[in-house]
Amino acid sequence: MKIFLFQLLLFLGFTSVLLAQNHFSFQHYGVEQGLSGSNITALFQDSNGYLWIGTANGLNRGNGSSFKVFNVSADSTNTLPNHKIRSVFEDKNKMIWVGTSAGLSKYDPQTEKFTNFTKVGDCKNCLAGRIIKVIREEGDYLWLGTNAGLSKINTKTHQITSWWHKKDTENIPQIYSIIDMLPLKNGSLLLATDEGLIEFDPRKNVFKQITIPINLREKGLGTLFQDALGTIWIGTDYDGVIQMTGDIRNPAFQHLPQLVDSEEGKTTVYDFEEDQLNRLWIASYFGVAVFDQKNNTINYYRSETDNPASISQNAIKKLYRDAQNRIWLGSPAGLDVYDPYLNQFEILKHNNADPQSISSNNAFSILEDSQGYLWFGFMDSGITVLWKDENGEEKYHHIKQGNGDNHLRSSAIYSLEEDKKGNIWASSPGGLHIISWPDRNNFEYTISTVPEGSIAENKLPEKRIYEIVNDAGNKTWLATHGAGIIAFDGDGKARQFRYKDQNPETSSKDYVVTLAIDPQQRIWAGNFNLGGVIIENPATETSFKRIKGDAPFLMKVVNDYHFSGNEALLATEAGVFHFPNVEELLTSENPEHYKYTVENGLSSNFTSEIIKTKENEYWISTGNGISKLNTSEKKATSYKKILNAKNFEFNHNAAQLTKDSIIYFGGTKGIVRFKPKEIYTNPFPPKVSFSDFRILNVPVPISDKKLETTSIPKDIPYVQKVTLKASDKIISFTINAVNFTLPEEMRYAHKMEGFDDAWIESENPVITRSNLDPGTYTLLAKAANNDGLWSETARLVLKMPSPWYLSWWAYLLYGFLAIGSVYLFLKFRLQQERQLELARTQERDIFRKRSSRDFHDEAGTQITRIALITELAKMNSEKNPEMLEYLNQIDTNLQELNSGMHDFIWALDPTKDNVFDTLNRFVEFAGKFCEYAKVQFKAEHISENLKKKVLNMSERRHLLLLLKEAINNSIKHANPSEISFKVNSKPGRLQLILKDNGKGFDNETTKRGNGLLNMKERAEALGGLLKIKSETNGGTKLTLLLETTRLGNG
Amino acid sequence: MNAQKTIRICIVEDDALILKSLQQMLNSTEGFKVSGAFLSAETALEGFSELLPDVLLLDIDLPGISGIEAIGAFKKLQPDLNIVMLTVHEESELVFSALRQGAVGYLLKGNHSKFLLNGIREVFEGGAPMSPSIARLVIASFKPSKENILSERELEVLQKLSNGTNNRQIADELFVSTNTIKAHIKNIYKKLHVNSRAEAVTKGFKKGLF
């Protein structure tokens, strides 16, 4: 019985659901913004704040500024299995799971690797169906709703269990397609399927059909949702919304067709979502309904062709609330978003299809009358009256131009004012209307007009009236276009105030824009030609004059005055002026003032109206947006950007603070209303990480292997420390700030600890650094949202190793010095290398490789420079043989240095640590050398097996130099015509034979030659045996025997 | 000495001093004329179109677009261009990858200027010097393919080159002229570019991946 009553109450409540008038503005994202497709099929925000957007044509990851597109790549295995995305989910291990039309994919954002699961059917670890429509997490498992049943995957072991309909078992009812899933508190899963509602108890492994006792046209369901109160909402395929309450064992169902915006609610419901005010969002074929359960009100949102802030398409298929309380709406026409922060200023707009909207978008005047009715006067469509009826529902009534006494004589309404009798005065080009509407319960109002004629006859000149103001007494003051200021008293007597001046330039300037009465009952006015004017004593004077202290705003039109105590604020076409002492305006030529302009935060220098709130804040409507002034802090805040309409120009005279503390500002794009007390700053800072790490403008590769160039093991946001190489001259990063609210208004800052003293702020997210000195640095980065709220700091340690060289040479002048130094350096290096080798064989290879490259670059370039300059010097010193001799010496030395250096560099290269490469190097040298000397050189093929025979660096050097020395001796001294080189490889030993057919020498006499001695020493160092056999005129044969057993194996 | 045609040369070298010196040295040597000298591949590619040099000396180690990367772009502008890499690196792998991109040879920077002049002249006259270590890499690069891309004679020439035998000697041993050997080597180079799978793979990689 209780349940019945509850249901009945609910039913009654729902049938009288009220229309609310919240005017939501939506922003749009589509292919133009970089999305890979416009048909949105899945939405998900991950723990980094990224929004994942699945489309029918690829997956996108948005950070607010751009989208990273994941498409199916034909020539890579590291790709999604299909471009049709159906669902996206992030598990607790921060892996992204993507359901596609051809299976499931796991994406690891750290390594950017995809793992795909595409096997389907009656097999081990296979999915129930190919199309993965929904993913839910439970413990270490993900539940997958597919087009042919249910699957479960272990997120770590990737073990898959599946359930699908089999004819021969009764255990599983006819589940084919699972559209949506809801994990219940009792451990069960509630499934929305094409066969209706099914409960699955995983512990008992039992599926149970839940019958919905409502006569539906189709049993298929579209979506499931549980709100914060625990109510389950079911979207059907054809019959709108069903509500499910009570215990799952004994549920109560309620059909609520009124929650969708179509006849009898007969439509498909695609998705539900709940916003931060617990309003239920319902997406159906006919648009979105936002249902406020607390206040029992509902709003319907449809796509309106002439309203760019409306949704892109009615058939919204996906709804998603993100951590910043935005509601994302996906449809086949693109992605829309409702951002509560950007909806603080509500915009009332004219909607042709809806009489319950304002009659035009260009509002000239706004008035709240004593009965709480709001009157809006428009440029071209008369008056709209807005009020709340007894139920609190907002109503609109329009008063139009026409004949008869309930119509206006003109459709342009410049000003509105209420007199003491409760009549509304409305001025038009066609005269001044007086609207009498005593009984608001019916629409029987009458409109009369003030007769026109001359002031002397107490009539009104036929001039436009820009503003009507009642003073504290019984006078009504009119600001006219050409007739100065006119005052009517209670008896209908008219008095005119004009500007009188002897100066013809400024005489007859009776064009008055605005009127204001200060606490002393002085009349202040804004004048088209004169700027600010005043009637100091209205009782005795008949003219107005320029304000004495108008120097700060000289000749600038004053659109509005605001007096408060002793202070005055003037809204002019050149900013807002604050005068702390209003009397100074009358006594001093240059009164004390403070000026607010665009430079110090105002939205626009053209200012229209000033409204002061109870909180002592001034709200200013301007030629472009709305601003707030805090005069005690001398601070202006612009709300231009968060107003969801660009270039919103507000009109003079169109402003009202209501008794309910709501501000209305009228402008060219509608009427803006907001609660000034509730305006808040953006509380969500961006989420910041580093991205796009580049060296010399080339993206740094992600690899877990050690590459020759700098690489990172994971994507840069997941790396704590990067060790650079000395050759990494220019490095750059992009500060990746995830933020979807006004991302173009973000500011960025970075600081390199150990280098920068302070943060470097910029509007550009790219950080570039070049030529870092050796050391360790910490790079810090952060970003601020549009309201200046800074994010947490991202940090990255950068290590630049010390280069081992010093650039101690420079130019030709230092030529000889340089040569000497290089030689010394080489020796020193070699010695150090030897020690290093003994001590740290592991590190040797890396170091050597790096050293040799650096040395190549530095020394090679320097030698080239010296050589070329020497060459040029030689060309210019042909007439100076002495100089030429010196230069030739430099040249010879350089060539030796160059070849020595190349040998040295070669010796450093660890990949050449073997007999094969050593001998080939010799062969190469010998070939060139012999060609140069015009001697035949023959070498037999050297077996690649010798690559396995490892030589250390000094051994290689000894071997190479020994052979070089030998061939050098041969050509220098023996004058052969042919030299041959042969390698005999035998088990355990290696025989090298170098033979020439030169004149030979006597073994006895030449033995002690320096060259030979050197060669012997080198052979000993190699642990080899050198034999030289020579006969006079019988050629020379050099044999080197090496024990290969003692050589290492590579 | 017979009158030789003046060889028009372009140089791309990021070291301003070396560039200037090379330019002066070549310009003051009879038979050589520097028609363009650039500090980077980017500026060279911009100002290259009307120069039509016979030989391009291209530094391997350039800031921005590297010498190796730039080869293809130069070849596109002037397909018959002889590109000779300038390098301080004697690393054959680097030189080899330049050859694969379409360079015809390389010259070591620090060497005596007569090697430079000889090298440029040889290239201009249709030669294409190949060192034994490069020859070995060429053999290795053709090994995996089953089709006989290289003719037997070409393989023979390569084999001999890799053993350190010089052109003149190979010519003697195979009873042909050195010009024939040069032609063989030219052909080998050509096949090296045309059949470059690595290039195709690189291209595919750049386009297909994000």
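My aim in this report is to walk through the structure given alongside it, one point at a time.

Quick word on the interface of chain B and chain A
Point 1. The interface of chain B with chain A comprises 38 residues on the first partner and 44 residues on the second.
Point 2. Our count for the chain B to chain A interface comes out at one salt bridge.
Point 3. Close ionic contact of Asp15 of chain B with Arg865 of chain A constitutes a salt bridge, the shortest N to O distance being 2.7 Å.
Point 4. Counting the contacts that link chain B with chain A gives three residue pairs in polar contact (both at pLDDT 80 or more).
Point 5. Residue assignment for the side of chain B that touches chain A shows that the elements contributing at least two residues are helix H1 (16–27), helix H5 (113–124), helix H6 (132–142), helix H7 (152–162), helix H8 (167–174) and helix H10 (197–208) of chain B.
Point 6. Residue contributions to the side of chain B that touches chain A peak at six residues, all from H1 of chain B.
Point 7. The residue makeup of the side of chain B that touches chain A, split by class, is nine nonpolar, 19 polar and ten charged.

What to know about the pairing of strand E20 (residues 232–236) of chain A
All names here are of chain A.
Point 1. The buried fraction of E20 amounts to five of the five residues, a majority that puts the element mostly inside the structure.
Point 2. The side-chain alternation of E20 yields two buried faces, one formed by Ile232, Ile234 and Thr236 and the other by Trp233 and Gly235.
Point 3. What sits between the antiparallel neighbours strand E19 (residues 221–226) and E20 is a turn of five residues, in which Gly230 has the positive phi angle 95°.
Point 4. Pairing of E20 with strand E21 (residues 241–245) involves four bridges; the strand directions are antiparallel. Each residue of the ladder has a partner; that of Gly235, found in E21, is Val241.
Point 5. Connecting E20 to the next strand, E21, in antiparallel fashion are four residues, including Gly240 with a positive phi near 75°.

Details of the sheet that holds strand E13 (residues 149–154) of chain A
Either a parallel or an antiparallel arrangement is found when strands of a sheet pair, and the pairing is made through backbone hydrogen bonds.
All names here are of chain A.
Point 1. Strand order in the open sheet made by the four strands is E11-E12-E13-E14, with antiparallel pairing throughout. Strands at the two margins of the open sheet, each flanked by one partner only, are strand E11 (132–138) and strand E14 (160–163). Neighbour-to-neighbour, the strand axes of this sheet turn through a mean angle of 20°, independent of strand direction.
Point 2. Bridge analysis of strand E12 (residues 141–146) against E13 gives six bridges, and the strand direction is antiparallel. Paired with Trp143 across the strands is Lys152, a residue of E13.

Describing the packing of H7 of chain B against H8 of chain B
Residue and element names in this part refer to chain B.
Point 1. As a packed pair, H7 and H8 sit with axes 10 Å apart at the nearest point and diverge in direction by 130°. Of the possible angle classes, the one that applies to H7 and H8 is oblique. The two elements H7 and H8 meet at a crossing, and its hand is right-handed. Contacts from Arg153, Glu156, Val157, Lys160 and Leu161 in H7 reach Asn167, Ile170, Glu173 and Leu174 in H8.
Point 2. Of the residues contributing to the contact of H7 with H8, the split by class is four nonpolar, one polar and four charged.

Topic: the side chain of Glu199 of chain A
Residue and element names in this part refer to chain A.
Point 1. Relative to the helices and strands, Glu199 is located in strand E17 (residues 196–201).
Point 2. By relative accessible area, which is 3% here, Glu199 ends up buried.
Point 3. Within the structure, the side chain of Glu199 is placed 3.3 Å from the side chain of Arg249, a separation counted as a polar contact.
Point 4. Apart from residues no more than four positions distant in its own chain, Glu199 is found in contact with Asn186, Ser188, Leu189, Leu190, Val206, Phe207, Lys208, Ile210, Ile248 and Arg249.

Remarks on the environment of Ser25 of chain A
Residues and elements named next belong to chain A.
Point 1. Checked against the element boundaries, Ser25 lands in the loop between strand E1 (18–19) and strand E2 (27–29).
Point 2. Put simply, Ser25 and Tyr301 are 276 residues apart on the chain and 9.9 Å apart in space, counted from C-alpha to C-alpha.
Point 3. Among all residues touching Ser25, those that are not within four sequence positions of it are Ala309, Val337, Tyr338, Asn343 and Asn644.

Here's the deal with the pairing of strand E28 (residues 327–331) of chain A
Residues and elements named next belong to chain A.
Point 1. For E28, a buried count of five out of five residues is recorded, marking the element as mostly surrounded by other parts of the structure.
Point 2. On E28, burial covers both faces: Ile327, Leu329 and Ser331 on one face and Trp328 and Gly330 on the other are all buried.
Point 3. Pairing of strand E27 (residues 318–321) with E28, which is carried by four bridges, proceeds in the antiparallel orientation. Within E28, the residue paired with Leu319 across the bridge is Leu329.
Point 4. Two successive antiparallel strands, E27 and E28, enclose a turn made up of five residues, where Asn325 displays a positive phi of approximately 70°.
Point 5. Two strands pair when backbone bridges link them, and E28 and strand E29 (residues 334–338) are joined in this way by five bridges, in the antiparallel orientation. Directly across from Leu329, in E29, lies its bridge partner Asp336.

How each quantity is defined
Residue positions are given per chain, counting from 1 as you read along its sequence in written order. All chains are assigned letters beginning at A, and all ligands numbers beginning at 1, according to the order in which they are written. Under the rules for a predicted model, residues below a pLDDT of 70 receive no local features and side-chain atom pairs below 80 are neither given nor counted, while totals for whole chains, interfaces and linings still include all residues. Side-chain measures were taken over the full set of non-hydrogen atoms in the model, leaving aside hydrogen atoms and water. Contacts are assigned to residue pairs with any non-hydrogen atoms lying within 4.5 Å of each other. By definition, a salt bridge exists where a carboxyl oxygen of Asp or Glu is found within 4 Å of a side-chain nitrogen of Lys or Arg. Side-chain atoms alone can form a polar contact between residues adjacent in sequence; in general such a contact is a pair of N or O atoms within 3.5 Å, and within protein one must be able to donate a hydrogen while the other accepts it. Where helices and strands are cited, they refer to DSSP runs of H or I of at least four residues and of E of at least two residues respectively, numbered from the N terminus. In this classification, Asp, Glu, Lys and Arg are treated as charged, Ala, Val, Leu, Ile, Met, Phe, Trp, Tyr, Cys and Pro as nonpolar, and every other residue, Gly included, as polar. For every residue, the accessible area (1.4 Å probe, protein chains only) is compared with the maximum for its type, and the residue is labelled buried under 20%, exposed over 50%, or partly exposed between those bounds. For two strands to be treated as a pair, DSSP must find at least two bridges joining them. Here an axis means a line fitted to C-alpha atoms, over the contact stretch when the element is a helix, while the angle between two N-to-C directions is reported on a 0 to 180 degree scale. Comment on the angle field: the value is read as roughly parallel under 35 degrees, roughly antiparallel over 145, roughly perpendicular from 65 to 115, and oblique elsewhere. Two helices cross in a left-handed way if the nearer one is turned anticlockwise from the farther one by less than a right angle. They cross in a right-handed way if the turn is clockwise.

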